[in-house]
Amino acid sequence: MSDPMQEIMASFFVECEELHESLVDALQSMADGEGDVETINVAFRAVHSIKGGAGAFGLDALVDFSHQFETVMDACRSGTLAVDDRLNELFLRCSDMLSDLIRCSRDGEAIDEATAEGLIAELATFAPQEEEAPAEEIEFQPMTLSLDDLGAPGDAPDLPPLDLPPLEDLGIAPPDEDTAPAAGGIKVVFAPDRELYESGNEPLFLIKALADLGDCRTSVALDAPTDADGLSTLGGRLTWTIEIDTEAQPSAVHEIFEFVDGLCKLQVEVLEGTTEAAAPLPDLAPPADTPAPAPAPVAEAPKPAPAPAAAPAAAPAPAKPANGEKAAKAATSAKASPTVRVDLERIERLVNLVGELVINQAMLSQSIAEENIPPNSPVTNGLDEFMQLTRNIQESVMMIRAQPVKSLFQRMSRIVRESSAAVGKSVKLVTDGETTEIDKTAIERLADPLTHMIRNAVDHGLEDAATRVERGKSEQGEIRLKAYHKSGRVLIEVSDDGGGINREKVKAKAIQNGLIPEDVTLTDTEIDQLLFLPGFSTANEVSNLSGRGVGMDVVKTQITSLGGRVTIESTPGVGTTFAISLPLTLAVLDGMVVTVASETLVIPLNAIVETLTLAVDDLKPVAAGQSVLCVRDQFVPVFDLGVELGYRDVAPVQEGTIALLLSPEEGVLVALLVDTIEDQRQVVIKGMQESYGRVPGVAAATILGDGQIALILDANDLVQNATGEDLVIKQKKVS
Amino acid sequence: MSLSILAVDDSRTMRDMINLALTTEGFEVHLAEDGEHGLEVLDDLDPDVIITDINMPRLDGFGFIDAVRLRDDTRTVPILVLTTESSNELKTRARNAGATGWIVKPFAQDKLVRALRMVAG
């Protein structure tokens, strides 16, 4: 990204997302009836800023849309238009459209013009009538900022017309009207009013700017002060006559005087020939082709009005002795901004480097341990500090990547609006824990699965209004989106207050689809899990909404690829909750290093509930190759890790065998047998999916302190493979 | 001449663009995010010209111009309003508050630079 404009444009789109976020926030609180005067101002400014930036980059569709949007909001904030439910609803839809337009502009995708125009037309019915479009169109004509586009002052006609009060009002010929070159030069008569000085303008600078057009002959007339007050200001007392030898057109002069328009008497006249000497002052005929009334003669201009003491003296620039020093101080203070924007690539690089650092530190620790250096020696103490620092650095780096889920939740509010409209249900979205932070990558990759889950909840989860009323519920369904931290993971729940999963129907469907045999007995949890099987769909007819060829199995795959899990909780008549559980970060995890059949493996620490050292008779066989473990009066199924992974055929159960008690999300305890526990440490996750695809039971790999590569197990997947084996076999039998 | 400019705009994109346009021109650019911030910056800075947006949180452009004109050290500093607004009513308001000039966004770099040079001499 070497082109600075490209960089600014990229950051513009980032800013757009932030602005859109605050827009949605504001609109939502307006819709909820919580908005105040400032709320509509925030919304207005967000759209206004988007329009401003979009104009700079020539994004016409975005400009047009945001212009109409802001016009209506402006009417609301000025109080000429009352905000009602209908308008709030329109604003929300417009905000959705705006988000689309931003995305399409960013990605260069085609814009849904029909919808945009429809909304513009809808907005127009609210827009105040006096705001007329044609004049605006010129103003927003895209003018890309170009670094080498430094035209000479005479290039002015190439620029869009300056946006000024009509010059006719002031008795001056509009620039557009004179197209003939001013061969004989231009005469300017200029008499500044007192207000010109007060506005920070300086007549001498204006005259200097005129000198840029060509050689000038300048004369000045000073009205004699009529009283002592008159001496305190030059306002209205000085009249300059400047004759410029120039090829430039009068429009160039008008451009110079643009800002002082109305603050002075100005007369611009094209001289017929260079021989014609400077006309006497009162001879101030307007250009022949101007239809405008003649201006007030300059001679009448000087006002006898006394100058108030507050009027600044004509001295243009007060002395600024400390300027250099102050500027240097300001350079530091002004640039201190609360945020910096960093390229994601750089952060990725930092994350990777920190990963290497963690590995390196582990290797160093191991080497030092092998040297048998006594504890409390400078080396071991130094190492301890080093480890602590490494961990702090790593946590800080991970925090850079973390972002609140708010943006994700906001996108979901749109999904709820759209999908509820599509199926004709009234649905309210309630969000909770929007400030919960998770890894940025996870946020992006959660959008798809969450969208699908929400559509599902709207389509299948919630009953229609009539049924709801029949069941004593409010007509409007509620979908709750909640994020929170729980034991080192982030949980995101999608709940509905609908009818709950109809397990009879689910089971029947699974049988009908040949997913399970007819005579199988399944627990409620097992039935719920059927929803995640490929090719499952409960809707009798695949609806437009949730049945877009994406099933819950895809949702599950997407979540699993993030190191997450999905679980279902459903109570008939009360509702259903889908819970996504995600690791806090995608780059590092606390793991337990174990060995099984001479292989070193890492098990995520947060999956392990307890570790036990077994006696031989602790294991009770229940069937061939299957045993259970009695833990505090509870029987727990036992699996040998070596057998599960195919390292060995039979578990060598002996005195001192170690069992890890795992608790997959369902809350069922499972014991996993391993040979030894080596260590408990942080490991850097190195993805394997790109090279090997998804390996069941394996989440990723890591490099240990001694340089050895170890697989990181997906404890949940592993347990499900082990416990869910029956289900898999049944599937196979059927197919 | 290297002019010292204070640009006040709540849009990061707009600040970036002004900064790029003016530093390319060799100006010394200082940025502020809204009127309040602009006034804070002015405590330590005597810019040759101030550029300000109108619609901003905390303290908007009108309030900012008012405040700048009430301060002894900045009473005569030229202030250019750079905004997407173009209504005459708002322009009159800005002028009454003491604005020196008005430029409508999106701006052309050469026009902005010419305007800056002119109001600053």
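All of these numbers come straight from a predicted model, not from anything done at the bench.

**Student:** Residue-level account of the overall build of chain B, with values.
**Tutor:** Assigned secondary structure in chain B consists of 5 helices and 5 strands. Its helices and strands taken in sequence order, chain B reads β-α-β-α-β-α-β-α-β-α from the N to the C terminus. For chain B, long-range pairs separated by at least 24 residues make up 63% of all intrachain contacts whose partners lie at least 6 apart in sequence. Carbon together with sulfur atoms contributes 46% to the accessible area of chain B, which is approximately 3,600 Å² in total.

**Student:** Residue-level account of the environment of B:Ser11, with values.
**Tutor:** The residue B:Ser11 is located in the loop between strand 1 (4-8) and helix 1 (12-24) in this model. The spacing of B:Ser11 and B:Asp53 is 42 residues in sequence and 9.1 Å in space, taken between C-alpha atoms. Among all residues touching B:Ser11, those that are not within four sequence positions of it are A:Glu15 and A:Ser49. Polar side-chain contacts of B:Ser11 include one of 3.4 Å to the side chain of A:Glu15.

**Student:** An account of unusual backbone geometry is needed here, citing residue identities and associated values.
**Tutor:** The phi angle at A:Ser598 is positive, at roughly 70 degrees, despite the residue not being glycine. Following the sequence through the fold, A:Ser598 ends up in the loop between strand 12 (588-596) and strand 13 (599-604). On the basis of relative accessible area, A:Ser598 is assigned to the exposed category, the value being 73%. For B:Arg58, which is not glycine, the phi torsion reads 60 degrees and is therefore positive. Take B:Arg58: it is sitting in the loop between strand 3 (49-52) and helix 3 (61-70). Taking relative accessible area as the criterion, B:Arg58 reaches 58% and is therefore assigned exposed.

**Student:** Before we move on, could you go through the packing of aromatic side chains and cite the residues and values that matter?
**Tutor:** Given two aromatic rings, one states the distance between the centres and the angle between the planes to describe the pair. Residues and elements named next belong to chain A. On inspection of all chains with the given rule, the structure shows 7 aromatic pairs over all chains. Here Phe 12 and Phe 57 contribute two aromatic rings whose centre-to-centre distance is 5.3 Å and whose plane-to-plane angle is 40 degrees, an arrangement assigned as tilted. Of this pair, Phe 12 sits in helix 1 (residues 4-31) while Phe 57 sits in the loop between helix 2 (37-56) and helix 3 (60-77), and the two are 45 residues apart along the sequence. By the burial criterion, Phe 12 is buried, and Phe 57 matches it. Look at Phe 532 and Phe 578: their rings are 6.5 Å apart centre to centre, the planes differ by 85 degrees, and that puts the pair in the edge-to-face class. Residue Phe 532 is located in the loop between helix 17 (524-529) and helix 18 (552-561), and its partner Phe 578 is located in strand 11 (residues 575-583); the two are separated by 46 residues in the primary sequence. Classification of Phe 532 by relative accessible area gives buried; the value is 5%. Relative accessible area serves as the criterion here: at 12%, Phe 578 is assigned to the buried category. Cluster of aromatic residues (ring-pair linked, three or more members): Phe 12, Phe 13 and Phe 57. In this structure, Lys 482 packs its charged tip against the face of Tyr 484, placed 4.9 Å from the ring centre.

**Student:** I'd like a rundown of helix 4 (residues 85-107) of chain A, residues and numbers included.
**Tutor:** An α-helical turn contains 3.6 residues, so any two residues separated by three or four positions project in the same direction. For helix 4 of chain A, spanning 23 residues, the distance from its first C-alpha to its last is 33 Å, which sits close to the expected 33 Å at 1.5 Å a residue. Within two residues after helix 4 of chain A, A:Gly108 carries a phi angle of roughly 65 degrees, on the positive side.

**Student:** Tell me about the sheet that holds strand 5 (residues 101-104) of chain B, and name the residues and values.
**Tutor:** Residue and element names in this part refer to chain B. The 5 strands are arranged 2-1-3-4-5 in an open sheet whose pairing can be described as parallel. Pairing within the sheet leaves two strands with one partner each, and these edge strands are strand 2 (28-32) and strand 5. The mean angle between the axes of side-by-side strands here comes to 20 degrees, regardless of whether they run parallel or antiparallel. Here 5 bridges tie strand 1 to strand 2, and the two strands are oriented parallel to one another. Across the sheet, the residue bridging to Val 8 is Ala 32, located in strand 2.

**Student:** Go over a negative patch on the surface, please, and point to the residues and values.
**Tutor:** Among the surface-exposed residues, A:Asp3, A:Glu7, A:Asp343 and A:Glu345 lie close enough to one another that they form a single negatively charged patch. A:Glu345 gets classed as exposed once you look at its relative accessible area, which sits at 63%.

**Student:** Run through the confidence of the model for chain A, naming residues and quoting values.
**Tutor:** Residues and elements named next belong to chain A. For chain A, the mean per-residue pLDDT works out to 74, and 75% of the residues sit at or above 70. Here residues 131-182 is modelled with pLDDT under 50, and outside its nearest four sequence neighbours on either side it reaches 103 contacts, counting other chains as well. Note that residues 538-549 has pLDDT below 50 and, in this model, 21 contacts with residues that lie over four places away or in other chains.

**Student:** Summarise the pairing of strand 9 (residues 489-496) of chain A; cite the residues concerned and give the values.
**Tutor:** Residue and element names in this part refer to chain A. Counting buried residues along strand 9, 8 of its 8 residues qualify, which places the element largely inside the surrounding structure. With burial as the criterion, each face of strand 9 is covered, one bearing Arg 489, Leu 491, Glu 493 and Ser 495 and the other bearing Val 490, Ile 492, Val 494 and Asp 496. Looking at chain direction, strand 8 (residues 477-486) and strand 9 are connected through 8 bridges and run antiparallel. Among the inter-strand pairings, His 485 is bridged to a residue of strand 9, identified as Val 490. For strand 9 and strand 11, the ladder comprises 8 bridges, and the chain directions are antiparallel. Residue pairing across strands places Ser 495 opposite Thr 577, the latter belonging to strand 11.

**Student:** Just give me the short version of the sheet that holds strand 19 (residues 670-674) of chain A, but keep the residues and values in it.
**Tutor:** Residue and element names in this part refer to chain A. Read across the sheet, 6 strands follow the order 14-18-19-17-16-15 without closing on themselves; strand pairing throughout is mixed. At either end of the open sheet lies a strand with only one pairing partner, and these are strand 14 (608-613) and strand 15 (619-623). Averaged over all neighbouring strand pairs, the angle between strand axes comes to 35 degrees, with direction disregarded. Two strands pair when backbone bridges link them, and strand 15 and strand 16 (residues 626-631) are joined in this way by 4 bridges, in the antiparallel orientation. Each bridged residue has a counterpart across the sheet, and for Pro 621 the counterpart in strand 16 is Ser 627.

**Student:** Tell me about the nonpolar core, and name the residues and values.
**Tutor:** Grouped together as the largest cluster of nonpolar side chains are 93 residues, with contacts concentrated most on A:Phe69, A:Phe91, A:Val188, A:Phe257 and B:Leu22. Ranked by the residues each element gives to this core, the list is headed by helix 1 of chain A, at 10 residues. Residue contributions to this core reach at least three from each of two domains, namely domain 1 (4-139) and domain 2 (153-300) of chain A. Those residues in contact with A:Val188, other than ones at most four positions away along the chain, are A:Leu210, A:Trp240, A:Thr241, A:Ile242, A:Ile244, A:Val253, A:Phe257, A:Leu266 and A:Gln267. One finds A:Phe409, A:Val427, A:Val506 and A:Phe532 within the second-largest nonpolar core, a separate group that totals 46 residues.

**Student:** Explain the pattern of salt bridges to me, and be specific about the residues and the numbers.
**Tutor:** Residues and elements named next belong to chain A. Taken as a whole and assessed by the stated rule, the structure comprises 34 salt bridges over all chains. The salt bridge involving Glu 38 is made with Arg 45; its shortest N-O contact spans 2.9 Å. The class for Glu 38 is partly exposed, based on a relative accessible area of 36%. Here Arg 503 makes a salt bridge to Asp 524, at a shortest N to O gap of 3.5 Å. Of this pair, Arg 503 sits in helix 16 (residues 503-512) while Asp 524 sits in helix 17; the two residues are 21 residues apart in sequence, bridging distant segments of the chain. The class of Arg 503 is buried, set by a relative accessible area of 13%. You can call Asp 524 partly exposed: its relative accessible area is 44%. The network of salt bridges with common partners includes Asp 96, Asp 100, Arg 103, Glu 109, Arg 414, Arg 417 and Glu 418.

**Student:** Quick one: what's the story with the packing of helix 8 (residues 203-211) of chain A against helix 5 (residues 109-120) of chain B, residue by residue and with numbers?
**Tutor:** Two numbers describe how helix 8 of chain A lies on helix 5 of chain B: the axes approach to 7 Å, and their chain directions differ by 130 degrees. Accordingly, the angle class assigned to the pair helix 8 of chain A and helix 5 of chain B is oblique. Taking contact as the criterion, the partners of A:Phe205, A:Leu206 and A:Ala209 in helix 8 of chain A are, on helix 5 of chain B, B:Met118, B:Val119 and B:Ala120. Of the residues that constitute the contact of helix 8 of chain A with helix 5 of chain B, the class distribution is 6 nonpolar, no polar and no charged.

**Student:** I'd love a proper account of the packing of helix 4 of chain A against helix 5 (residues 113-124) of chain A, names of residues and values included.
**Tutor:** Two packed helices can be described by the angle between their axes and the distance between those axes. Residues and elements named next belong to chain A. Between helix 4 and helix 5, the shortest axis-to-axis distance is 11 Å and the interhelical angle comes to 150 degrees. Crossing geometry of helix 4 relative to helix 5 is assigned as left-handed. Residue-level contacts link Leu 90, Phe 91, Arg 93, Cys 94 and Met 97 of helix 4 to Thr 115, Ala 116, Leu 119, Glu 122 and Leu 123 of helix 5.

**Student:** Outline helix 3 of chain B, listing residues and values.
**Tutor:** With 8 of its 10 residues buried, helix 3 of chain B lies for the most part within the structure. Burial in helix 3 of chain B covers these residues: B:Gly61, B:Phe62, B:Gly63, B:Phe64, B:Ile65, B:Ala67, B:Val68 and B:Arg69. Buried-residue contacts for helix 3 of chain B involve helix 7 (194-198) of chain A together with strand 1, helix 2 (35-42), strand 3, strand 4 (79-83) and helix 4 (88-97) of chain B. In this structure B:Asp60 caps helix 3 of chain B, since a side-chain oxygen of it lies 3.2 Å from the backbone nitrogen of B:Phe62.

Parameters at a glance
Residues numbered from 1 in each chain as written. Chains lettered and ligands numbered in written order. Predicted model: local features only at pLDDT ≥ 70, side-chain atom pairs only at ≥ 80, totals over all residues. Heavy atoms only, no water. Helix = DSSP H or I, 4+ residues; strand = E, 2+ residues; numbered from the N terminus. Contact = heavy atoms within 4.5 Å. Areas by Shrake-Rupley, 256 points an atom, 1.4 Å probe, with all protein chains shown as cover. Polar contact = N/O pair within 3.5 Å; in protein donor to acceptor, adjacent residues only side chain to side chain. Buried < 20%, exposed > 50% of the residue type's maximum accessible area, 1.4 Å probe, protein only. Phe/Tyr/Trp six-rings, centres within 6.5 Å; stacked < 30°, edge-to-face > 60°. Lys NZ or Arg CZ within 6 Å of the ring centre and 35° of its normal. Expected span 1.5 Å × (residues − 1). Pairing = 2+ DSSP bridges. Axes fitted to C-alpha atoms, helices over the stretch in contact; angles between N-to-C directions. Patch = residues over 30% accessible without salt bridge, like charges linked within 9 Å, V, L, I, M, F, W, Y side chains within 5 Å. Salt bridge = Lys/Arg side-chain N within 4 Å of Asp/Glu carboxyl O. Lys, Arg positive; Asp, Glu negative; His and termini not counted. Charge placed at Lys NZ, Arg CZ, Asp CG, Glu CD. pLDDT = per-residue confidence, 0-100. Core = buried A, V, L, I, M, F, W, Y, C linked by side-chain atoms within 4.5 Å. Domains from an automatic or database assignment. Parallel < 35°, antiparallel > 145°, perpendicular 65-115°, else oblique. Nonpolar A, V, L, I, M, F, W, Y, C, P; charged D, E, K, R; others polar. Left-handed = near helix turned anticlockwise from the far one by under 90°.

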